[in-house]
Amino acid sequence: MSPPDTSRADSARPLNGAGEALLTVRGLKKYFPIRGGILNRAVKRVHAVDDVDLEVMRGETLGVVGESGCGKSTTARLLMELIEPDEGELIFDGCKVGSRELPLKEYRRQVQMVFQDSYSSLNPRLTIEDSIAFGAQVHGTPKREALARTHDLLARVGLDPARFAGRYPHELSGGQRQRVNIARALALRPRVIILDEAVSALDKSVEAQVLNLLTDLKAEFGLTYVFISHDLNVVRFVSDRVLVMYLGKVVELGEAERVYTHPQHPYTAALLSSMPSMDPDHRTEEPPLAGDPPNPIDPPTGCRFHTRCPSIRPFCATREPPLADVERDHAVACHARVPASGYHDDAAAVPDPEKITA
Amino acid sequence: MTDPYVRIRDLGVTFTGGAKPVRAVGGVSLDIREGEAVALIGESGSGKSVTMRAIMRLNPEKRSRIEGSIHVGGHDVMKLGARRLARFRGAEVAMIFQEPLLALDPVYTLGAQITESIRRHEPVSRAEARARALQLFERVRIPSPERRLDSYPHEMSGGMRQRAMIALALACRPKLLLADEPTTALDATVQIQVLLLLRELQRDLGLSIIFVTHDIGAAVEVADRIAVMYAGRIVEEASARDLMRAPRHPYTIGLLKSRAHGAMVKGARLDTIPGAPPDLANLPAGCAFAPRCFLAADSCRRDDPPPLVALDGGRTARCLRVEHTHPDAIGTPAH
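Values in this document were obtained by computation on a predicted structure and should not be read as measured data.

Thresholds, definitions, all that
- Residues numbered from 1 in each chain as written.
- Chains lettered and ligands numbered in written order.
- Predicted model: local features only at pLDDT ≥ 70, side-chain atom pairs only at ≥ 80, totals over all residues.
- Heavy atoms only, no water.
- Helix = DSSP H or I, 4+ residues; strand = E, 2+ residues; numbered from the N terminus.
- Rg over C-alpha atoms; globule rule 2.2 N^0.38 Å.
- Contact = heavy atoms within 4.5 Å.
- Areas by Shrake-Rupley, 256 points an atom, 1.4 Å probe, with all protein chains shown as cover.
- Lys, Arg positive; Asp, Glu negative; His and termini not counted.
- Charge placed at Lys NZ, Arg CZ, Asp CG, Glu CD.
- Buried < 20%, exposed > 50% of the residue type's maximum accessible area, 1.4 Å probe, protein only.
- Expected span 1.5 Å × (residues − 1).
- Axes fitted to C-alpha atoms, helices over the stretch in contact; angles between N-to-C directions.
- Parallel < 35°, antiparallel > 145°, perpendicular 65-115°, else oblique.
- Left-handed = near helix turned anticlockwise from the far one by under 90°.
- Nonpolar A, V, L, I, M, F, W, Y, C, P; charged D, E, K, R; others polar.
- Phe/Tyr/Trp six-rings, centres within 6.5 Å; stacked < 30°, edge-to-face > 60°.
- Salt bridge = Lys/Arg side-chain N within 4 Å of Asp/Glu carboxyl O.
- Polar contact = N/O pair within 3.5 Å; in protein donor to acceptor, adjacent residues only side chain to side chain.
- Pairing = 2+ DSSP bridges.
- Core = buried A, V, L, I, M, F, W, Y, C linked by side-chain atoms within 4.5 Å.

Colleague: What's the story with the overall build of chain A in this structure? I'm lost.
Modeller: The helix and strand tally for chain A stands at twelve helices and twelve strands. Taken against the 2.2 N^0.38 rule, which gives 21 Å for 358 residues, the C-alpha radius of gyration of chain A at 22 Å falls within 12% of a compact globule. Counting only C-alpha atoms and orienting by the principal axes, one finds that chain A spans roughly 75 × 65 × 55 Å. When contacts within chain A are restricted to residue pairs at least 6 apart in sequence, those whose partners lie at least 24 apart make up 66%. Roughly 16500 Å² of accessible area belongs to chain A as shown, and the carbon and sulfur atoms make up 51% of that amount. Charge centroids of chain A, computed over 43 positive and 49 negative side chains, lie 6 Å from each other.

Structure below.
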């Protein structure tokens, strides 16, 4: 037997060799129709999520980053089946979601979500204990038991039940409300929590408190997180692996530190160097990218990043790069990173535009 | 030394519209030199936007009580009559906002909005004003500016709209630009473009800039000096370099420590500031930060808010125990 070859790209193997996939997504697609014209037919489609495959490993925190319109929030909603995908399937713990073994209601008990807007996520007419206990009662827990657990959870997220249980959402601060939303997500003893910009609306000093709380809860309840945020620093801090999205596509997926220190996709590299420097003596001199991200209604052909890419070949505009492993636990969708893609042949066949001008 | 271009003294803004008066700004003094960029940073409700709006007298006059004085380039802003105030807004001071889609008029093209604002202030022909609008669009680097002048705000992308709003703000050649969270709604790759544009305009046009943000990183990219606000007061003011190297007010120290940043150990805990910002209608006695402060002593919780203490290197902090935050090293001011 030859020793295992770690450098070999093997797409069948899960990206994180140590863990096993708790939630698997295959071929997820969601296009939103834009209606218009006399007959109000769909004239265009927003390519919100376009053929996304991903795996969420048991016990990990998967960070999802990208700019507005990249499909990260749509992905979150698809993962919860809050909106129906056009194509694709979800497999949770070996069972297909929506099948007889795992009906949607049971799946939703195991996967919970926390949203960005802490106020609009809560019913303003319910006290917070009623809000938190509501889900458990829907799933058949007697009210008394549900309330007892609610008080435990409130204490666990740092809100004294004696003081807070009977309050209404408007009587709490933003940070406190987000703690309530986290407690509510925990009420059904889920295994996965999807955090969609859950700390983005909080003040920085409160954000740190909530991030610490999330770390503690994860360890205590053995949770798996999908952490969606536009804040690259926060995602780096919380994530084991990071998924980078651009215009509905996954462009890079890998172990968080590796992605942050050695980004392989030119978009990831540009995104990371767009972060403000924090050092007054070394301020950013040149913006890494010009212009805005293109509109997801008419995404560019081929590689979707080719219109802004600093190292484009003519080839990139016509052929779409697949997401392929470039090293262990690190996949990238860029022709330049795949030796057999033809990118390098293309460079030879068609002169580099920079060389023409030089 | 010459007089500063902007001189704010003991500015107080109290909103009287609600059930209880809310003192949103409680005694802010700030100087800004010509061509200087100063960032006001703080959390929501710290009074940073209200302070900035007071410079243009944009706070609702009937529902607010304003004290103190503001001088901008020789104008006593508090005493300006209606006509001179209208002239002052736009020609001396202009402002850009977080959400250009709300700040721009949706039913006029950008070219029309810019030419209107130029002709409102200066006796120039329509063609001349349009030519200036075109120059402005080139200045803020809008691609195919000629065509874009005839666009409506909704036809542009977010970053382009923010550039267009900057062009509109610059239409009457103001000397002071007020920027209220101008990049908060933008994507990361676009945010850095707009921050660098602001810096470039400061340098090339000699603009003074007051930049309000909650994002320290954005402040560092633009500002020469940073003033940190908490509960309606400036608690610390220093050059961007000094503030980042050695913050002296316990709030600033806490804020910088609580950020998740690059090289953190996975699973490490963030240093947090306990509690939440205070209710402005019900501020504690003494230092407003004392209930959350790691350094607070009994003296901090008594009587009046602490005075501003002048420290080495022309920086100030509003803290009674500021000697305890002196960096243990030599701590000489940066050159």
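Colleague: Just checking my understanding: could you explain the side chain of A:Asp50 for this structure?
Modeller: All names here are of chain A. Looking at where Asp-50 falls in the secondary structure, it is placed in strand S2 (residues 41-57). With relative accessibility at 6%, the residue Asp-50 sits in the buried group. Not counting the four nearest positions on each side in its chain, Asp-50 is found in contact with Leu-28, Lys-29, Tyr-31, Gly-248, Lys-249 and Arg-304.

Colleague: Any chance you could explain helix H6 (residues 174-186) of chain A here in plain terms?
Modeller: Three or four residues apart is the spacing at which side chains of an α-helix point the same way, because the helix has 3.6 residues per turn. Residue and element names in this part refer to chain A. An ideal rise of 1.5 Å per residue puts 18 Å on 13 residues; H6 measures up with 19 Å between its terminal C-alpha atoms. Across the 13 residues that make up H6, a large majority, ten, are buried. For H6, the set of buried residues is Gly-175, Arg-177, Gln-178, Arg-179, Val-180, Asn-181, Ile-182, Ala-183, Ala-185 and Leu-186. Tucked into the core, H6 has its buried residues touching strand S6 (111-114), helix H3 (128-138), helix H4 (143-156), strand S7 (192-196) and helix H7 (204-221).

Colleague: Got a minute to help me understand the packing of helix H7 (residues 158-169) of chain B against helix H8 (residues 188-205) of chain B in this structure?
Modeller: Packed helix pairs are characterised by how far apart their axes lie and by the angle those axes make with each other. Residue and element names in this part refer to chain B. Look at H7 against H8: their axes get within 10 Å of each other, and the N-to-C directions meet at 15°. By the angle between their axes, H7 is roughly parallel relative to H8. For the pair H7 and H8, the crossing hand works out as right-handed. Contact residues: H7 offers Gly-159, Gln-162, Arg-163 and Ile-166, while H8 offers Val-190, Gln-193, Val-194, Leu-197, Leu-198 and Leu-201. A breakdown of the residues in the contact of H7 with H8 according to their chemical character gives six nonpolar, three polar and one charged.

Colleague: Where do I start with the packing of aromatic side chains in this structure?
Modeller: Residue and element names in this part refer to chain A. Tallied over the full model, the rule gives seven aromatic pairs over all chains. An angle of 65° between the planes, with centres 5.3 Å apart, marks the rings of Tyr-267 and Phe-305 as edge-to-face. Of this pair, Tyr-267 sits in helix H10 (residues 266-273) while Phe-305 is found in the loop between H10 and strand S11 (324-327), placing the two residues 38 residues apart along the sequence. Overall, the relative accessible area of 0% leaves Tyr-267 in the buried class. Counting every residue linked through ring pairs, the aromatic cluster contains Tyr-246, Tyr-267 and Phe-305.

Colleague: I tried to follow the interface of chain B and chain A on my own but got confused; where do I start?
Modeller: Quite often, the size of an interface is put as the accessible area lost when its parts meet. Listed as interface residues are 46 residues of chain B and, on the opposing side, 41 residues of chain A. In this assembly, chain B and chain A are joined by five salt bridges. When the shortest N-O distance is used, the salt bridge between A:Asp281 and B:Arg241 registers 2.6 Å. The tally of links from chain B across to chain A stands at 23 residue pairs in polar contact (both at pLDDT 80 or more). Those elements that provide at least two residues to the side of chain B that touches chain A are H7, H8, helix H9 (216-222) and helix H10 (240-245) of chain B. Broken down by element, the residue count for the side of chain B that touches chain A peaks at eight residues, all from H8(B). Residues that form the side of chain B that touches chain A fall into these classes: 21 nonpolar, 14 polar and eleven charged.

Colleague: What is the right way to look at the pattern of salt bridges in this model?
Modeller: Pairs can form between side chains of opposite charge whenever their charged atoms are close. Under the counting rule described, the total for this entry stands at 43 salt bridges over all chains. Between A:Arg77 and A:Asp196 there is a salt bridge whose closest N-O contact spans 3.0 Å. With A:Arg77 in helix H1 (residues 72-79) and A:Asp196 in strand S7, the pair connects residues that are 119 residues apart, well separated along the chain. For A:Asp196, a relative accessible area of 5% puts it in the buried group. For B:Arg225, the salt bridge identified is with B:Glu237, shortest N-O distance 2.2 Å. One end of the pair, B:Arg225, is in strand S9 (residues 225-230); the other, B:Glu237, is in strand S10 (residues 233-239), and twelve residues separate them in sequence. Linked through salt bridges whose partners overlap, the residues forming this network are B:Arg139, B:Arg141, B:Glu200, B:Arg203 and B:Asp204.

Colleague: Even after reading the chapter, I still don't get helix H4 (residues 110-121) of chain B, so can you show me in this structure?
Modeller: All names here are of chain B. With twelve residues, H4 extends 17 Å from end C-alpha to end C-alpha; this agrees with the ideal 16 Å at 1.5 Å per step. Considered for burial, the residues of H4 that qualify are Leu-110, Gly-111, Gln-113, Ile-114, Thr-115, Ile-118 and His-121. Tucked inside the fold, the buried residues of H4 contact helix H2 (82-91), helix H5 (126-139), helix H6 (145-148) and H7.

Colleague: So what exactly am I meant to see when it comes to the packing of H4(B) against H7(B) here?
Modeller: Residues and elements named next belong to chain B. Two numbers describe how H4 lies on H7: the axes approach to 9 Å, and their chain directions differ by 20°. For the element pair H4 / H7, the angle class is roughly parallel. The crossing of H4 and H7 is right-handed. Judged by residue contacts, Leu-110, Gln-113, Ile-114 and Ser-117 of H4 engage Ala-164, Ala-167 and Leu-168 from H7. Tallied by class, residues from the contact of H4 with H7 come to five nonpolar, two polar and no charged.

Colleague: Would you explain the sheet that holds S9(B) in this entry?
Modeller: Each strand in a sheet pairs with its neighbour through backbone hydrogen bonds, running either in the same direction (parallel) or in the opposite one (antiparallel). All names here are of chain B. Judged by pairing direction, the sheet is mixed, and its eight strands sit side by side in the order S6-S7-S8-S3-S9-S10-S12-S11 without closing on themselves. This sheet does not close on itself; its edge strands, each paired only once, are strand S6 (93-96) and strand S11 (309-311). For this sheet, the mean inter-axis angle between neighbouring strands, taken without regard to orientation, is 20°. Taken together, the four bridges between strand S3 (residues 37-41) and S9 define a ladder with parallel strand orientation. Pairing of Ala-39 across the sheet is with Ile-226, part of S9. Each of S3, S6, strand S7 (176-180), strand S8 (208-213) and S9 touches helix H1 (residues 48-55); the most contacted strand, S7, lies at about 150° to it.

Colleague: What is the right way to read the nonpolar core from this model?
Modeller: One recurring pattern in soluble globular proteins: nonpolar side chains tend to sit buried together. In terms of nonpolar packing, the biggest core is built from 70 residues, with B:Phe137, B:Ile166 and B:Ile226 touching the most fellow members. It is H8(B) that provides the largest number of residues to this core, a total of eight residues. In terms of nonpolar packing, the next biggest core, distinct from the first, is built from 56 residues, A:Val65, A:Leu154, A:Ala165 and B:Ala260 among them.

Colleague: Sorry, what's going on with the side chain of A:Lys30 here?
Modeller: By the secondary structure assignment, A:Lys30 is in strand S1 (residues 21-36). Filtering out sequence-adjacent residues up to four positions away, A:Lys30 remains in contact with A:Val46, A:His47, A:Ala48, A:Val49, A:Thr74, A:Leu78, A:Ile83, A:Glu84, A:Pro85 and A:Asp86.

Colleague: So what exactly am I meant to see when it comes to the pairing of S1(A) here?
Modeller: Remember that side chains alternate between the two faces of the sheet whenever the strand is regular. Residues and elements named next belong to chain A. Pairing of S1 with S2, which is carried by 13 bridges, proceeds in the antiparallel orientation. Its bridge partner being in S2, Arg-35 is matched across the sheet by Ala-42. Bridging between S1 and strand S4 (residues 87-92) involves five bridges; their strand directions are antiparallel. By the bridge assignment, Lys-29 is partnered in S4 with Glu-87.

Colleague: Explanation requested: the pairing of strand S10 (residues 249-255) of chain A in the structure shown.
Modeller: Residues and elements named next belong to chain A. For S10, the tally of buried residues reaches six of seven residues, placing the bulk of the element in the interior. Pairing geometry for strand S9 (residues 241-246) and S10, over six bridges, is antiparallel. Bridge pairing in S10 links Arg-241 to Glu-255. Count of turn residues in the S9/S10 antiparallel hairpin: two residues, of which Leu-247 carries a positive phi of about 50°.

Read these as layout, nothing more, since geometry by itself doesn't imply function.
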